Amino acid sequence: MKGRGRESCQHAVSIAVIAALAAAALTGAAAQESAAPAHASAAHGKAISYTCLGCHGIDDYKNAYPMYSVPKLEGQNPEYLAAALHGYRDGDRSHLTMHSQASTLSDKDMEDIAAYFAGKPLAPTGKAQGSVPQTATLCVSCHGQDGVAIAPIYPSLAGQHEDYLVRALEEYRKGGRNNPVMKGFAATLKDEDIHVIARYFSHLKPSLSTESRPYTWLTAR
Ligand code: HEC
Ligand code: HEC
């Protein structure tokens, strides 16, 4: 009985933490709402995405040091992609190449390029596939049972490269990424949890994909 009392107490504490973090995330979402308004021009995004495609348009392209896969962007939420670009530009995410890439973009360019890369964002099925790993039970409240995010400001993780998901979680833990919500969650994870979670989400379908509409002079509009 004693044990159970402590368990439910811890449960209550973690619920409070989640509620606080979720509220923080939603405030962030409201602040970011202007990130990808309806008037974003995917056509303009495409026209200025030539350099990006050198990495994001090639299947299984790798970041060299350290070695991990360049993230898939197609099917992602445009609001999230624009927020990520702001993060690289403004220093909330550290990555040298992405910082210099994002530094050349205006806010409007980011919205347009996010709209282009996202294409048709994945639609949630609301169903878990197999059993969600125990350490990921909180995660799915934002990232979705099927890895498709429940709100546009959250990233979908379904089918993302496993090694990239590991890298992203390590960055939140180490402070290379400063998002307060994810820093809080990542801090609770052990190395082995990170690997189990990354493996789980990377196998879910429908899946994010590598940009499949490469730029050419003929297709640029
Ligand atoms: C030299 C290769 C390279 C080029 C060129 C490049 N990227 Fe990236 N991009 C990466 C890598 C590697 C990451 C992951 C960085 C990290 O670990 O945070 C990334 C991350 C991103 C993310 C975050 C995705 C996520 O799931 O959080 C977005 C959005 C993005 N890039 C868009 C762009 C855009 C737009 C351009 C062109 C203006 C561009 N990238 C050019 C390699 C590249
Ligand atoms: C309250 C909502 C919420 C919860 C719960 C949550 N996340 Fe996140 N997650 C976010 C947001 C918001 C971001 C984008 C942060 C940023 O801008 O870097 C994110 C980003 C990520 C990314 C980076 C994705 C990419 O494309 O770079 C991974 C991986 C991730 N979360 C995994 C997890 C895991 C694993 C858990 C559980 C331990 C979790 N998240 C719990 C909201 C949440």
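The structure this text deals with has already been given above.
A quick note: this is a predicted structure, and the numbers were derived from the prediction, not measured. (Residues numbered from 1 in each chain as written. Chains lettered and ligands numbered in written order. Predicted model: local features only at pLDDT ≥ 70, side-chain atom pairs only at ≥ 80, totals over all residues.)

> Could you clarify how one ought to interpret helix 4 (residues 78–90) in this entry?
Side chains of residues three or four places apart in an α-helix project in the same direction, reflecting 3.6 residues per turn. When the terminal C-alpha atoms of helix 4 are compared, their 18 Å separation across 13 residues agrees well with the 18 Å that a helix rising 1.5 Å per residue should span. Listed as buried for helix 4 are Pro-78, Glu-79, Tyr-80, Leu-81, Ala-82, Ala-83, Ala-84, Leu-85, Tyr-88 and Arg-89. (Helix = DSSP H or I, 4+ residues; strand = E, 2+ residues; numbered from the N terminus. Expected span 1.5 Å × (residues − 1). Buried ≥ 20, exposed ≤ 12 C-beta atoms within 10 Å, placed from the backbone.)

> Sorry if this is basic, but what is going on with the packing of helix 4 against helix 5 (residues 96–103) here?
The relative placement of two packed helices comes down to the angle between their axes together with the axis-to-axis distance. In contact at an axis separation of 7 Å, helix 4 and helix 5 are set at 105° when each is read in the N-to-C sense. It follows that helix 4 is roughly perpendicular to helix 5 by the angle criterion. Here Leu-85, Tyr-88 and Arg-89 of helix 4 come into contact with helix 5, specifically with Met-98, His-99, Ala-102 and Ser-103. Here the residues of the contact of helix 4 with helix 5 sort into four nonpolar, two polar and one charged. (Axes fitted to C-alpha atoms, helices over the stretch in contact; angles between N-to-C directions. Parallel < 35°, antiparallel > 145°, perpendicular 65-115°, else oblique. Contact = placed C-beta atoms within 7 Å. Nonpolar A, V, L, I, M, F, W, Y, C, P; charged D, E, K, R; others polar.)

> Got a minute to help me understand the site of ligand 1 in this structure?
As a matter of local geometry, ligand 1 sits amid 21 residues, with Cys-52, Cys-55, Asn-63, Ala-84 and His-95 nearest to it. Within the residue set of the shell around ligand 1, elements represented by two or more residues are helix 3 (50–56), helix 4 and helix 5. In terms of residue count, helix 3 provides more of the shell around ligand 1 than any other element does, five residues in total. Looking at the shell around ligand 1, its residues break down into eleven nonpolar, eight polar and two charged. (Near = placed C-beta within 6 Å.)

> I would appreciate a short explanation of unusual backbone geometry in the present structure.
Pro-66 follows Tyr-65 through a cis peptide bond whose omega is -5°. By the secondary structure assignment, Pro-66 is in the loop between strand 1 (62–63) and strand 2 (68–69). The omega torsion of the bond from Lys-205 to Pro-206 falls at 0°, within 30 degrees of zero and hence cis. Here Pro-206 lies in the segment after helix 10 (191–202).

> In this structure, what is going on with the environment of Asp-109? I would like to understand it.
Relative to the helices and strands, Asp-109 is located in helix 6 (residues 107–118). Separated by 69 residues in sequence, Asp-109 and Ala-40 have C-alpha atoms that sit 8.7 Å apart.

> How do you make sense of the packing of helix 4 against helix 6 when you look at a structure like this?
The N-to-C vectors of helix 4 and helix 6 enclose an angle of 130°; their axes lie 8 Å apart at closest approach. If you check the angle between helix 4 and helix 6, you find them oblique. Relative to helix 6, helix 4 is oriented so that their crossing is right-handed. For the pair formed by helix 4 and helix 6, the contact residues are Pro-78, Leu-81, Ala-82, Leu-85 and His-86 on the first element and Met-110, Glu-111, Ala-114, Ala-115, Phe-117 and Ala-118 on the second. A per-class count over the contact of helix 4 with helix 6 returns nine nonpolar, one polar and one charged. (Left-handed = near helix turned anticlockwise from the far one by under 90°.)

> Hey, could you run me through the environment of His-203 in this one?
Mapped onto the secondary structure, His-203 falls in the segment after helix 10. Judged by the 14 C-beta atoms lying within 10 Å of it, His-203 falls in the partly exposed class. Sequence spacing of His-203 and Asp-146 is 57 residues, and the spatial spacing of their C-alpha atoms is 9.9 Å.

> Just checking my understanding: could you explain the nonpolar core for this structure?
Most often, soluble globular proteins keep nonpolar side chains buried together rather than apart. Within the largest apolar cluster, 40 residues are counted, with the highest numbers of intra-cluster contacts made by Leu-81, Leu-85, Ala-114, Phe-117, Ala-158 and Phe-201. When contributions to this core are tallied by element, the ones reaching two or more residues are helix 4, helix 5, helix 6, helix 8 (162–174), helix 9 (180–187) and helix 10. With sequence-adjacent residues up to four places away left out, Phe-117 is seen in contact with His-56, Leu-73, Glu-74, Leu-81 and Glu-211. (Core = buried A, V, L, I, M, F, W, Y, C linked by C-beta atoms within 7 Å.)

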